[in-house]
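Given next are the chains, with one letter for each unit.
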Amino acid sequence: AECVSGCVCPEGLFDDGRGGCVEQKDCPCIHNNELYSSGHKIKVDCNTCTCQKGLWKCTDDVCYGTCTIYGSGHYNTFDGKFYDFDGSCEYVAAQDFCGDKNSSGSFSIITENVPCGTTGVTCSKAIKIFLGVSGDKLKLENKEYKEIQRDVGDDVQYWNRTVGLYLVIEASNGVMLIWDKKTTVFIKLSPDYKGKVCGLCGNFDDKANNDFTTRSGLQDSNPLVFGNSWKQSPMCPDVTKEIKPCDLKPHRKSWAEKECSIIQSEVFEICHSKVNPHPFYEACVHDACSCDSGGDCECFCSAVAAYAQECIKAEACVFWRTPDIC
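Residues numbered from 1 in each chain as written. Predicted model: local features only at pLDDT ≥ 70, side-chain atom pairs only at ≥ 80, totals over all residues. Heavy atoms only, no water.

Labelled according to an unreviewed UniProt entry, the protein chain appears under the name MUC2 protein, originating from Copsychus sechellarum.

Printed below as a string of structure tokens:
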């Protein structure tokens, strides 16, 4: 369906893929298998792309990176690698104290993961944030935000505000944290940190294939080996196997699949071509099976909200919450 000259159209005109013939300047552009007319603008991350003569011309602003931790052990790294890790311990989510540059970091974010439900999966119960060299220390837990240590020197300033359901902490060193006061946290970093961070959120170098870099700097393909390397206490047990809650709770599986099908339904249709729904659907079913000690709806809602959030980033706003759903 590209714009091509040929026997379909008179000389000098191009097939526009819609059954018409146009001049070259009016050729449409393709994005995610959809045709856009000349002059049309789309957002790709924080950049704007304009269709010109059949080609996209984009601004090249450097964008903030986002890492998402949500539900029962789901991680989507700064570079977009999606994986599951069910460890019960404190783990480094992201920090810039990496390798031999140990002395010069400006932040560290720790996630405290605990079992949720009876299948053995774990959720992020609390987040600790260390800022600056001397170390302001904040903790997000039980829907509350606490300052554990406020430093006098304050080489890093920070602010907190509430936006809708979320608590937002923003620091002057380019670190931002968005927390839903339950089990979802979005960590946003300014582009200055590209390639300089490490932890469960990966290294933010625009390459997803090297995100599983362990604490000792080795690359691994196994998420369990990678995840275990970032635990804070050697006393915590290593995770040795991936938990499949729907196999352990088969009676919940059909309910989980029915509820989570909203992600693959027409409700989210405008987003499907922009963000692949499949990993988010799988994660939703996993969470809906595992949340068996109350709060099933909360687990399901968090899983759908994580997909909706990715859709918003891709400029596809979906109004999915109804009085009956979340």
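Here's the deal with the sheet that holds strand 8 (residues 65-70)
This is how it is decided: Two strands pair under a simple rule: DSSP has to find at least two bridges between them. Each helix is a run of DSSP H or I of at least 4 residues and each strand a run of E of at least 2, with the numbering of both proceeding from the N terminus. Orientation is described by lines fitted to C-alpha atoms, with helices fitted over the stretch in contact, and by angles between N-to-C directions that extend from 0 to 180 degrees.
One open sheet holds the 7 strands; their spatial order is 10-9-8-19-18-17-16, and the pairing between them is antiparallel. With one partner strand each, in any of the chains shown, strand 10 (82-84) and strand 16 (158-163) form the two edges of the open sheet. Mean inter-strand twist for the sheet, computed between neighbouring axes without regard to direction, equals 15°. Bridge count for strand 9 (residues 74-76) against strand 10 is 3 bridges, and the pairing is antiparallel.

Concerning the environment of V267
Heads up, the rule is: When checking whether two residues touch, look at their non-hydrogen atoms; a contact exists if any pair is within 4.5 Å.
On the secondary structure map, V267 appears in the loop between helix 3 (250-260) and helix 4 (269-272). Spatially, the C-alpha atom of V267 lies 8.1 Å from that of F319, the residues being 52 residues apart in sequence. If we ignore the near neighbours within four places in the chain, the residues touching V267 are I262, V318 and W320.

Some remarks on the nonpolar core
Here is the rule we go by: Nonpolar cores are built from buried Ala, Val, Leu, Ile, Met, Phe, Trp, Tyr and Cys residues. Side-chain atoms within 4.5 Å join them into one set. Burial classification: accessible surface area is computed with a 1.4 Å probe over protein chains only, and a residue below 20% of its type maximum counts as buried, one above 50% as exposed, and the rest as partly exposed.
With 43 residues, the main nonpolar core has F78, F107, I109, L177, I187 and L189 as its most contacted residues. Looking at which element gives the most residues to this core, the answer is strand 11 (residues 90-95), with 4 residues. Residue contacts for F107: discarding those within four places in its chain leaves A94, Q95, D96, F97, F130, L131, N173, V175, L189, Y193 and V197. One finds I262, C271, A283 and W320 within the second-largest nonpolar core, a separate group that totals 29 residues.

Focus on the pairing of strand 12 (residues 107-115)
Counted residue by residue, strand 12 has 7 buried out of 9 residues, so it is predominantly covered. By the bridge criterion, 5 bridges tie strand 11 to strand 12 in an arrangement that is antiparallel. Bridged to V92 within strand 12 is I110. Pairing of strand 12 with strand 13 (residues 122-131), which is carried by 9 bridges, proceeds in the antiparallel orientation. Along strand 13, the bridge assignment pairs V114 with C123.

A look at the state of the cysteines
Two cysteines form a disulfide when their sulfur atoms are joined by a covalent bond. Note the cut-off: Cysteine sulfur atoms are paired as a disulfide whenever they come within 2.5 Å of each other.
Applying the stated rule across the entire model yields 13 disulfides. Here C317 stays free of any disulfide, with the sulfur of C311 as its closest cysteine sulfur at 9.1 Å.

With respect to the packing of helix 3 against helix 5 (residues 278-290)
The description of two helices packed together rests on the angle between their axes and the distance between the axes. Keep this limit in mind: Note on terminology: angles under 35 degrees are roughly parallel, angles over 145 are roughly antiparallel, angles of 65 to 115 are roughly perpendicular, and the others are oblique. Handedness of each helix crossing follows the sense of rotation of the near helix against the far helix: counterclockwise by less than a right angle gives left-handed, clockwise gives right-handed.
The N-to-C vectors of helix 3 and helix 5 enclose an angle of 135°; their axes lie 8 Å apart at closest approach. Put simply, helix 3 runs oblique to helix 5. Here helix 3 runs over helix 5; the crossing is right-handed. Of the residues in helix 5, those touching helix 3 at R252, K253, W255, A256, E257 and C260 are Y281, C284, V285, A288 and C289.

A look at the sheet that holds strand 11
The antiparallel open sheet is built from 5 strands, whose spatial order is 11-12-13-14-15. Looking at strand neighbours, the two that pair on one side only are strand 11 and strand 15 (144-149), the edges of this open sheet. Across the sheet, the mean angle from the axis of one strand to that of its neighbour is 25°, orientation sign disregarded.

Some words on helix 5
The criterion, for reference: Here a helix's expected span is defined as the number of its residues, less one, multiplied by 1.5 Å.
Between its terminal C-alpha atoms helix 5 stretches 18 Å, which fits the 18 Å expected from 13 residues at 1.5 Å a residue. All of the buried residues along helix 5 are F280, Y281, A283, C284, V285, H286, D287, A288, C289 and S290.

What about the packing of aromatic side chains?
Put simply, the rule reads: In summary, the pairing rule links any two rings of Phe, Tyr or Trp, Trp by its six-membered ring, whose centres are within 6.5 Å, and it sorts them by plane angle into stacked for under 30 degrees, edge-to-face for over 60 and tilted for everything else. Criterion for a charge above a ring: Lys NZ or Arg CZ within 6 Å of the ring centre, and within 35 degrees of the ring normal.
Per the stated rule, a full pass over the model turns up 12 aromatic pairs. The structure contains a cluster of three or more aromatic residues connected by ring pairs, namely Y75, Y83, F212 and F226. The ring centre of F212 lies 4.7 Å from the NZ or CZ of K81, which sits over that ring.

Section: the layout of surface pockets
Rolled over the atoms, a probe as big as a water molecule pinpoints where empty space is left. Let me state the cut-off plainly: Within this scheme a cavity is a closed region of a 1 Å grid, computed over the protein atoms alone, that accommodates a 1.4 Å probe without allowing it to escape, whereas a pocket is open but has protein on both sides within 12 Å along at least five of seven lines; lining residues each have an atom within 4 Å of a point. Grid points are joined across faces, edges and corners, and a volume is the space filled by probe spheres set on the points. Residues were grouped as follows: Ala, Val, Leu, Ile, Met, Phe, Trp, Tyr, Cys and Pro as nonpolar; Asp, Glu, Lys and Arg as charged; and all remaining residues, including Gly, as polar.
In this structure, the largest pocket encloses a volume near 1100 Å³. Looking at the largest pocket, it is lined by 41 residues, and the ones nearest its centre are D45, T66, E310, K313 and A314. Residue assignment for the lining of the largest pocket shows that the elements contributing at least two residues are strand 5 (41-44), strand 8, strand 16, strand 17 (166-171), strand 18 (175-179), strand 19 (185-189) and helix 6 (296-313). The residue makeup of the lining of the largest pocket, split by class, is 19 nonpolar, 10 polar and 12 charged.

Here we look at the pattern of salt bridges
Condition: Here, a salt bridge means any Lys or Arg side-chain nitrogen found within 4 Å of an Asp or Glu carboxyl oxygen.
In total, this model carries 13 salt bridges according to the counting rule given. One salt bridge in this structure joins E242 and K244, with 3.5 Å as the shortest N-O distance. When the shortest N-O distance is used, the salt bridge between K258 and E259 registers 3.6 Å. Three or more residues joined by partner-sharing salt bridges are found here, namely E112, K125, K139 and E141.

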